[in-house]
Amino acid sequence: MNLRLVSRLLGVVAMLIGGTMVFSLPWAHPLLGHRGEMPASASFETRGFMALLVTILVSFALGGLFLWLGRGQKGRLYRKEAMAVVGLSWILATLLGALPFWMRGTYRSPAIRQTIDATTWQVYDFEALVHRHWQTKSNLSQDERTTLAALLDVGAKGYSPHELREAVDVEDPHEILMGLANRDRDLSKALLFPDRAAQPDERDAHYRIRWVKMGFVDALFESQSGFSTTGATVISDLEDPVLVPHCLLFWRSSTHFLGGLGIIVLFVAILGQGSAGKALMRNEMPGPSKEGMQARMQHTAWLFAAIYCALNALLTFILKAQGLSWFDAICHAFGTLATGGFSTWNKSLGHFDSALIDYTVVVFMILAGTNFTLLYFLILRKAGRLFADVEWRIYMAVIILSSVLVIAFGVYHNDFSGDTIGEQVQNGTRFGLFQVVSVITTTGYGTHDFDRWNSFGRGLLFLLMFVGGCAGSTGGGLKVIRHVLFLKILRLEIEQAFHPTVVRPLRLGGKTVDDPDLRKNILVYFSLILVIFVFSWMFVVTVEPDSTWGPNAEHKLIDSASGVAATLNNIGPGLGTVGATQNYGHFSTLSKILFVWLMMVGRLEMFAILVLFIPAFWRSR
């Protein structure tokens, strides 16, 4: 293992991350840090700005150190070194990307939460070490529940005593809150009371609920979710700049841009034109190679990067023309083309409530899930190559068939609003198509609470989590081409069981797949996915306490499976406790560490991460 060569390439990656982070700094200014109808920030976001600035300096210092350690190394990059660079680059990016959230002390969730049945409350335990988690409290009066609900309804920002009295319609909310604190020490750790010495315009002058700051594991989760283009989050309120500054929100979306760009370019452009880069590219794009592209793989990678950046710019201008602010337009373009799904609003794209925006994003999500080689042919006006591609045809067929089924069952079960069947079909087409495309491309945006759909619709979305986009796209998941090859291999194996003397070649799109190892690789890949999914699912079920689900612990098995599937396949939102309106903040530290690993394994085609844990991999050739 040529560690000095690996070090030099890691230095380039660290410099790239630090350089990209610079573009997040201007959004700390009040004139830029606003979203649509939201008023601009009243002051400069100093703490967020300083957290980014310190991380930039750390990135450049670390990059310089790596470059110095690898100085003078220009040897040939073999496959082992290439895999080490890819895996370690993602780990390095995750660590550096987490620093701004952690150093700023970003708030992720209120320390009191109301469970689904509206009668049971849970309080966050700040004092536990590893399992910082939730404790269930159900011995509250109706007035006490009303008071807490009023605080949560305004994002725990709080009221003045007079405002709180009018909002909750109780005799004396001050006595209720003091009674809660005196009677229950757990609640007293979560509630904050007015500081009479504070200025009237400060938050401490109001009744409010203490918020939980992101720990380092939370920051790692958010960072890896961005770079892996998963879009899962631990943050429950994105709209209050006091909790999450605009400059950090922009960096959060920028990790999507880097993650989508990196998966296209890193394999070849940074690693060079040798056999190592080509081997890793073949892992990303199994099956027969797409002909007609330039012979030089490095040039091809940069061409893909140019298409990716151009699509981001195009979608940004379109969304701006449709009424979004520049901040919203850029962030949502990053999330769409990278198939990531980070939004700047709590309701995701559903906040805008615009069918035009929904259908626009659907088109670009489909493009992002398409093999970039085919997009290149489309630019060259060779649309025939697009429709002749087996994988793309099946990809579109799955989208159309799944959308029709979701719409049909949804209308039958009244999942979509509307006074007439026509209105329900219209709404079903808008929301059903969007959610199907969002899941199969592993984007994870939401415009409708699909967790309230009928069982068939939710089950179909769960299955689509294991499909993914096309190979050579920014989409994660297993990829459509692997499913096609797996079914063809399965058919050949079944035929050989009763015709052992018949030897048929593996064919795809009328062409013979001449890679002798492909059949074994596909079967091994599916087997590994199954093993990782099952063991990860059982791990979450074992280590996660029932308090994560409050009074709904019976959903633990299904929700745990959904969380594992959503992170392993880079979807983001899942079902139940990780559904469209929920987040991953309530999971324990151990579960979050597992989810970080799953997101990394799912995005990097698995082997580049798994080999890092094998001691023999690090030995000399």
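1. Side note on the confidence of the model for the protein
Per-residue confidence for the protein averages 84 on the pLDDT scale, and 88% of its residues sit at or above 70. pLDDT under 50 marks residues 272–277. Its contacts with residues more than four places away, or in other chains, come to 11 contacts. Every residue in residues 291–295 is under pLDDT 50, and counting partners more than four places away or in other chains gives 13 contacts.

2. Section: the pattern of salt bridges
For the coordinates displayed, the defined rule picks out seven salt bridges. One salt bridge connects Arg430 with Asp353, and the closest N-O pair in it is separated by 3.4 Å. Placement of the pair is Arg430 in helix α17 (residues 421–440) and Asp353 in the loop between α12 (326–337) and α13 (355–368), with a sequence separation of 77 residues. On the accessibility criterion, Arg430 (12% relative accessible area) is buried. One salt bridge connects Lys556 with Asp546, and the closest N-O pair in it is separated by 3.1 Å. Linking Lys556 in helix α21 (residues 556–568) with Asp546 in the loop between α20 (518–543) and α21, this pair joins segments that are 10 residues apart in sequence. Using a relative accessible area of 12% as the deciding quantity, one classes Lys556 as buried. Residue Asp546 is classed as partly exposed on the basis of its relative accessible area, which comes to 44%. A single network of salt bridges, built from pairs that share partners, joins Arg108, Asp218 and Lys592.

3. Description of unusual backbone geometry
The phi torsion at Thr229 lies on the positive side, around 55 degrees, for a residue other than glycine. Residue position: Thr229 is located in the loop between α8 (216–227) and α9 (246–270). A relative accessible area of 0% means that Thr229 is categorised as buried. You will see that Thr339, though not glycine, has its phi angle at about 50 degrees, which is positive. Turning to its location among the elements, Thr339 is positioned in the loop between α12 and α13. Judged by relative accessible area, Thr339 falls into the buried class, the value being 0%.

4. Quick look at the side chain of Gln435
Within the secondary structure layout, Gln435 lies in helix α17. In terms of polar contacts, Gln435 uses its side chain to reach the backbone carbonyl oxygen of Tyr445, at 3.0 Å. Excluding its chain neighbours within four sequence positions, the residues that come into contact with Gln435 are Tyr445, Gly446, Thr447, His448, Phe450, Trp453 and Leu461.

5. Some details on α20
Over its 26 residues, α20 runs 37 Å from end to end, which matches the ideal 38 Å to within 8%, given 1.5 Å per residue. Leu518, Ile522, Tyr525, Phe526, Ile529, Ile532, Phe533, Ser536, Val540, Val541 and Val543 are the residues of α20 that are buried.

6. Focus on the environment of Leu62
Locating Leu62 in the fold gives a position in helix α2 (residues 46–69). Classification of Leu62 by relative accessible area gives partly exposed; the value is 26%. The sequence separation of Leu62 and Leu10 amounts to 52 residues, and the corresponding C-alpha distance is 9.3 Å. Those residues in contact with Leu62 that lie beyond four places of it in its chain are Leu92 and Leu96.

7. Some remarks on the nonpolar core
Ranked by size, the top nonpolar core spans 173 residues in total, and within it Ile112, Tyr395 and Tyr584 carry the most contacts. No other element matches the 11 residues that helix α3 (residues 79–104) contributes to this core. What Ile112 contacts, discounting residues up to four positions off in sequence, is Trp121, Gln122, Val123, Trp134, Leu148, Leu152, Leu187, Ala190, Leu191 and Ile209.

8. Thoughts on the sheet that holds strand β2 (residues 112–114)
Strand order across the open sheet formed by three strands is β2-β3-β4, with antiparallel pairing between neighbours. Every other strand in the sheet has two partners, leaving β2 and β4 (134–137) as the edge strands with one partner each. The sheet shows a mean angle of 30 degrees between the axes of neighbouring strands, direction not considered. Those strands touched by helix α4 (residues 142–153) are β2 and β3 (121–124), and its axis lies near 105 degrees from that of β2.

9. As for the side chain of Thr233
As for its position among the elements, Thr233 is in the loop between α8 and α9. For Thr233, a relative accessible area of 12% corresponds to the buried category. Discounting chain neighbours no more than four positions away, the residues touching Thr233 are Phe221, Glu222, Arg252, Phe342, Asn583, Tyr584 and Gly585.

10. A look at the packing of aromatic side chains
Enumeration according to the criterion identifies 26 aromatic pairs in this entry. Pairing Phe486 with Phe526 gives two aromatic rings, centres 4.4 Å apart and planes at 25 degrees, and the pair type is stacked. Taken together, the residues Phe486 in helix α19 (residues 480–498) and Phe526 in helix α20 connect sequence positions 40 residues apart. Judged by relative accessible area, which is 24%, Phe486 ranks as partly exposed. On the accessibility criterion, Phe526 (15% relative accessible area) is buried. Over the face of the ring belonging to Phe342 we find Arg252, whose NZ or CZ atom lies 3.8 Å from the ring centre. In this structure, Arg385 packs its charged tip against the face of Phe377, placed 4.7 Å from the ring centre.

The rules we used
- Residues numbered from 1 in each chain as written.
- Predicted model: local features only at pLDDT ≥ 70, side-chain atom pairs only at ≥ 80, totals over all residues.
- Heavy atoms only, no water.
- pLDDT = per-residue confidence, 0-100.
- Contact = heavy atoms within 4.5 Å.
- Salt bridge = Lys/Arg side-chain N within 4 Å of Asp/Glu carboxyl O.
- Helix = DSSP H or I, 4+ residues; strand = E, 2+ residues; numbered from the N terminus.
- Buried < 20%, exposed > 50% of the residue type's maximum accessible area, 1.4 Å probe, protein only.
- Polar contact = N/O pair within 3.5 Å; in protein donor to acceptor, adjacent residues only side chain to side chain.
- Expected span 1.5 Å × (residues − 1).
- Core = buried A, V, L, I, M, F, W, Y, C linked by side-chain atoms within 4.5 Å.
- Pairing = 2+ DSSP bridges.
- Axes fitted to C-alpha atoms, helices over the stretch in contact; angles between N-to-C directions.
- Phe/Tyr/Trp six-rings, centres within 6.5 Å; stacked < 30°, edge-to-face > 60°.
- Lys NZ or Arg CZ within 6 Å of the ring centre and 35° of its normal.

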